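Spelled out, the chains give:
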Amino acid sequence: MSLTLAIPSKGRLMEKSLAALKSAGIDVIAGETRSYRTSVSGFDGLDVLLLSASEIARQLRDGAIDFGVTGEDLIRESMPDADGQVDFVARLSFGHADVVVAVPEAWVDVATMDDLGDIAGSFRARHGRRLRIATKYWRLTQGFFTRLHGIQSYRIVESLGATEGAPAAGSADIIVDITSTGSTLTANQLKVLADGTILKSEACLLCSKTRPREAGDRALAEDLARRFRG
Ligand SMILES: Nc1ncnc2c1ncn2[C@@H]1O[C@H](COP(=O)(O)OP(=O)(O)OP(=O)(O)O)[C@@H](O)[C@H]1O
Ligand SMILES: O=P(O)(O)OC[C@H]1O[C@H](OP(=O)(O)OP(=O)(O)O)[C@H](O)[C@@H]1O
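My aim in this report is to walk through the structure given alongside it, one point at a time.

Conventions we followed
Residues numbered from 1 in each chain as written. Chains lettered and ligands numbered in written order. Predicted model: local features only at pLDDT ≥ 70, side-chain atom pairs only at ≥ 80, totals over all residues. Heavy atoms only, no water. Near = heavy atom within 4 Å. Polar contact = N/O pair within 3.5 Å; in protein donor to acceptor, adjacent residues only side chain to side chain. Helix = DSSP H or I, 4+ residues; strand = E, 2+ residues; numbered from the N terminus. Nonpolar A, V, L, I, M, F, W, Y, C, P; charged D, E, K, R; others polar. Areas by Shrake-Rupley, 256 points an atom, 1.4 Å probe, with all protein chains shown as cover. Domains from an automatic or database assignment.

Moving on: the site of ligand 2. Neighbouring ligand 2 are Arg 12, Glu 164, Asp 177, Ile 178, Thr 179, Ser 180, Thr 181, Gly 182, Ser 183 and Thr 184. One of the side-chain N or O atoms of Thr 181 is found 2.5 Å from an oxygen atom in ligand 2. Here an oxygen atom of ligand 2 sits 3.3 Å away from a polar atom, N or O, in the side chain of Ser 183. At the level of elements, strand E10 (174–179) and helix H8 (183–187) are the ones that each hand at least two residues to the shell around ligand 2. At three residues, E10 tops the list of elements feeding residues into the shell around ligand 2. Taken together, the residues of the shell around ligand 2 break down into one nonpolar, six polar and three charged.

What follows is the structure, encoded as structure tokens:
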């Protein structure tokens with residue numbers, strides 16, 4: 001019997017994930033820097049892997065790991081039906097950040113999604129092209145703009161880094177990105193729309209619903225989940 005649990009291998013989520021496991025009685029010793037192996041005590045039959053936060057979301061979706069700690073933003077972005085594909089075992093009270101719609105501060109007449117909808121509708125007539133949104137959050141952006149706000153006329157420009165710089169660089173008009181302190185938005189003269197918060201994210205412990213498990217592993221998974229639910 002064995003289960004796999006993946007935690008982020010670096011950055012802001014890694015140390016806090018290790019601390020969350022420790023609070024549940026599971027001690028994980030990460031290997032030397034740049035080694036992705038760990039040794040685990042406090043829970044027999046558990047292997048803990050170190051992976052990137054976005055890879056953890058993909059592997060949970062694909063049923064390649066049993067459990068994972070990652071941001072809810074990455075889960076909802078990588079899965080069409082997150083609640084059907086993973087069980088949100090626990091919200092872990094760290095890694096808080098919001099996925100937001102932000103526009104240039106210079107757009108003084110645009111404060112809400114309704115205002116943005118008006119701009120998007122007339123953008124092509126005025127500028128000869130659709131409103132461009134820089135983001136790595138395709139799925140969340142489409143759900144929010146099209147399905148929730150009925151905004152049809154826009155184009156997503158994929159951005160995998162320095163997204164806040166896209167409007168000033170001229171590669172997009174507005175952005176959808178993650179923010180916590182807001183300082184990167186301010187430094188790039190962008191403002192969040194009043195009703196422009198798409199998701200309030202935090203780190204979660206997730207259990208893959210698509211991972212095939214034998215009875216013994218199902219019982220083990222329930223034991224592990226109970227430590228965090230309790
Ligand atoms: N201020 C913040 N900015 C960005 N992400 C944050 C912030 N605060 C918490 N997070 C969380 O951390 C996650 C990003 O972590 P990290 O940069 O390690 O992920 P990653 O996308 O796998 O990175 P990479 O692919 O560059 O290795 C976010 O998706 C979010 O859930
Ligand atoms: O609202 P803030 O606190 O300014 O954080 C938001 C920024 O942090 C993230 O970047 P990344 O993880 O690349 O870098 P950083 O957190 O080290 O700036 C994110 O993509 C934003 O650019």
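There's plenty left to go through after this.
This part is about the site of ligand 1. By nearness alone, 15 residues border ligand 1, and Lys 10, Ala 53, Ser 54, Asp 73 and Ser 180 come closest of all. Lys 10 places a polar side-chain atom, nitrogen or oxygen, 3.2 Å from an oxygen atom of ligand 1. In this structure, an oxygen atom belonging to ligand 1 sits 2.9 Å away from a main-chain N or O atom of Ser 54. Its free accessible area being 630 Å², ligand 1 has 75% of it covered by the protein chains. Residue assignment for the shell around ligand 1 shows that the elements contributing at least two residues are helix H1 (11–23), helix H2 (53–61) and helix H3 (72–78). Of the residues that constitute the shell around ligand 1, the class distribution is five nonpolar, six polar and four charged. Structurally, the shell around ligand 1 is a two-domain feature, drawing no fewer than three residues from each of domain 1 (3–95 + 203–229) and domain 2 (97–201).

Everything listed here is a matter of coordinates, which is why it stays silent on function.
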